[in-house]
Amino acid sequence: MFGSGDLFCSICSDLLKDPVTIPCGHSYCRNCIKDFWDGEDQGGTHICPQCRETFEQRPGLRRNTMIDELIKYLKKMGVALADRCYAGPEDVACDVCTGRKMKAIKSCLTCSASFCENHLQPHYDAAPLKKHKLVNPSKNLQESKCSRHDRELEIFCRPDQQCICYLCTMDEHKGHETVPAAAERAEKQKKLQKCQQQIQQRIQDQEKDVKLLQQEVKAINVSAEKAVEDSEKIFTELIRLLQKRSSDVKQQIRSQQETEVSRVKDVQEKLEQEITELKRKDAELEQLSHTEDHTQFLHNYPSLPALSESTHSSSINIRPLRHFEDVTAAVSELRDKLQDILRDTWRNISLMVNDVDVLLSEPEPKTRDGFLKYSQEITLDPNTAHNKLLLSEGNRKVTSTDQQQSYPDHPDRFSVYNQVLSRESLTERCYWEVAMRGGAGVGVAVSYQNINKAEPFGFNDKSWSLNCTADGYIFHHNKVKTPVPGPVSSRIGVYLDHRAGILSFYSVSETMTLIHRVQTRFTQPLYAGIRPLFSKDSVEFIKLRYQVSPWSQSVASVMQRP
């Protein structure tokens, strides 16, 4: 087989220059092989530097035309063979090459050396070398040998979890359980493949989720753009409507203004005409009154026209109006009402905008370890406890008693039913467990803080309660009672995903069994609630601790490896 290594001289490790071939078939630079044989002192015999074949007489050198033409052709085509075959800083170099070293293509664990294509050939041709163990090029060959005995690490010591050599089994690892390294590798390879399959499956699942999220992003953007476009259109219509109403009011005011001004001016003109006529008559009367001749006075007096009645009263009666100020007041009132409407409507709009929540919540856990990742420590609020409930164990335990407790008055206290709420508000993903003492019965609930303090959990739209007794389970919400099946247990687990609107109740024993799940929309922070159903019953919120399983640790360690 012809390889790229055949284009290089094994003596100078460079591209063949004036290539010549010797009888065994190997090629060298003409000057290189001449200098090599000139420097030999072997009593007339000459050897091939690669295969070590000996020649009694110095062989004649024949020019290798094919390789010479091939090198010229490759150079003409711009193929940088030297750069491809010489070892760089990151490559494993051939340990045999002198001068500029070639890239190693294999490492021999037996020889503890690495070889380029040319110098590896004896491992394929020589029978003793064929038994050597060849691996991919490695810079750390010494790590594959025992530092104490300088032998190959081919055995695995299971108690010490390390690779050892055969001699190590005779002394420091004597009596230990050992297996061939290959067998241990095969066993661990199976585990690794299983882990890899799980990782690959997780990658596939998450790639599907990424595609779904990409589709969701596209849907969100399309929906948002349409909402913006529609909102702008609606607000534009509102603005146009207000502008039209403004124009209508303006037109009505101007029309009424013109009408009223015209009426007033008509009256004004008539009054001014009467005034003119009255002034003329007054002047005539004034002139007559100054007539000195009595006969003339009496003669002219009857000819005076009688004074006609005025078309208007002696004074104009103006109604006490504020002209158009009432219109301004009415428009102001409209503005105030619109502001109120816009303010109230804006709250609803804001709620609707904020309610657009693409739930990125992880799916509900499948194992108790999965739930424990979200464990929430619950303590009870004495300000909410009914007077016949005794709190203890750091306010984690509640006992129903027949004696009144000396709690101070508080508006948050339950007044009728033996109930209590937690101090902690619950707005994220969380999980908690309650253990019943006495076995009679308990209501395990979640509730808004503003629940009616005279109502039991589950008898309104602000609380959800699972009543647990020896006879089974009944779920209550908004006065609706729903019997639910499930194994009776003295420990109940509660899982809440507030944003996703998921509330689940589990029976907890050696396994977890779902009792009841609620899918709804929570609009306020929730609080854990407890209601002992019978006297002397006790319920305690359990302190939970999350521990990472060994399998999870192994998977995590594999995923964190570079």
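Residues numbered from 1 in each chain as written. Predicted model: local features only at pLDDT ≥ 70, side-chain atom pairs only at ≥ 80, totals over all residues. Heavy atoms only, no water.

An unreviewed UniProt entry lists the protein under the name Tripartite motif-containing protein 16-like, with Poecilia latipinna given as the organism.

(A) How the structure looks around the packing of aromatic side chains. This model, assessed by the stated rule, comprises eight aromatic pairs. When the centroid spacing of 5.4 Å and the interplanar angle of 75° are considered together, the rings of F371 and Y495 count as edge-to-face. Residue F371 is located in helix α9 (residues 368-372), and its partner Y495 is located in strand β20 (residues 491-497); the two are separated by 124 residues in the primary sequence. Judged on exposure class, the residue F371 and its partner Y495 are both buried. Among the aromatic side chains, those forming a connected cluster through ring pairs are F371, Y431, Y495 and Y506. The cationic tip of R429 hangs over the ring face of Y374; the distance from NZ or CZ to the ring centre is 4.3 Å. K453 extends its terminal NZ or CZ atom over the ring of F414, reaching a point 5.8 Å from the ring centre. (Phe/Tyr/Trp six-rings, centres within 6.5 Å; stacked < 30°, edge-to-face > 60°. Helix = DSSP H or I, 4+ residues; strand = E, 2+ residues; numbered from the N terminus. Buried < 20%, exposed > 50% of the residue type's maximum accessible area, 1.4 Å probe, protein only. Lys NZ or Arg CZ within 6 Å of the ring centre and 35° of its normal.)

(B) Here's a closer look at unusual backbone geometry. One non-glycine residue, D18, lies in positive phi territory at about 50°. Structurally, D18 can be placed in the segment before β1 (19-21). Assessed through its relative accessible area of 37%, D18 is described here as partly exposed. Unlike most non-glycine residues, N478 shows phi in positive territory, near 55°.

(C) Examining helix α1 (residues 30-38) more closely. Along α1, the residues classified as buried are C32, I33 and W37. For α1, the buried positions fall inside an angular range of 125° around the axis, keeping them on one side. Opposite the buried face of α1, at more than 90 degrees from it, the exposed residues are N31, D35 and D38. Where the residues of α1 are buried, they touch β1, β2 (27-29) and β3 (46-47). (Arc of directions from axis to C-beta. Contact = heavy atoms within 4.5 Å.)

(D) Expanded view of a nonpolar patch on the surface. A surface patch of nonpolar side chains, amounting to about 450 Å² of accessible area, comprises L242, L334, L338, I341 and L342. At four residues, helix α8 (residues 325-354) tops the list of elements feeding residues into the nonpolar patch. When you line up the elements, L338 lands in helix α8. (Patch = residues over 30% accessible without salt bridge, like charges linked within 9 Å, V, L, I, M, F, W, Y side chains within 5 Å. Areas by Shrake-Rupley, 256 points an atom, 1.4 Å probe, with all protein chains shown as cover. Salt bridge = Lys/Arg side-chain N within 4 Å of Asp/Glu carboxyl O.)

(E) Main features of the environment of T513. Looking at the element boundaries, T513 is found in strand β22 (residues 512-519). With 24 residues separating them along the chain, T513 and S489 place their C-alpha atoms 9.9 Å apart. Not counting residues up to four positions away in its chain, the partners in contact with T513 are P487, F505, Y506 and S507.

(F) Looking closely at the nonpolar core. The biggest cluster of nonpolar side chains holds 35 residues, and the ones touching the most others in it are W432, W464, I492, L503, F505 and I530. The element best represented in this core is strand β15 (residues 429-437), accounting for four residues. In this structure I492 touches W432, E433, V434, M436, C468, Y473, F505, Y506, V508 and I515, once residues within four positions along its chain are discounted. In this structure, L16, Y28, C85 and C94 belong to the second largest nonpolar core, which totals 23 residues. (Core = buried A, V, L, I, M, F, W, Y, C linked by side-chain atoms within 4.5 Å.)

(G) Here's a closer look at the pairing of strand β19 (residues 480-484). The pairing of strand β18 (residues 472-477) with β19 spans five bridges and is antiparallel. Within the sheet, the bridge partner assigned to H477 lies in β19 and is V480. Connecting β18 to the next strand, β19, in antiparallel fashion are two residues, including N478 with a positive phi near 55°. (Pairing = 2+ DSSP bridges.)

(H) Here's a closer look at the environment of A182. Take A182: it is sitting in helix α6 (residues 181-289). A relative accessible area of 59% places A182 in the exposed class. Expressed as a C-alpha distance, the spacing of A182 and E154, which sit 28 residues apart in the sequence, is 7.5 Å.

(I) Structural view of the sheet that holds strand β9 (residues 155-157). Read from one edge to the other, the open sheet built from three strands follows the order β10-β9-β11, with strand pairing classed as antiparallel. Strand pairing shows two members of the sheet lacking a second neighbour, β10 (162-164) and β11 (178-180), which therefore form its edges. Between one strand axis and the next, the sheet turns by 35° as a mean value, whatever way the strands run. Sheet topology note: the β9/β11 ladder contains three bridges and is antiparallel. (Axes fitted to C-alpha atoms, helices over the stretch in contact; angles between N-to-C directions.)

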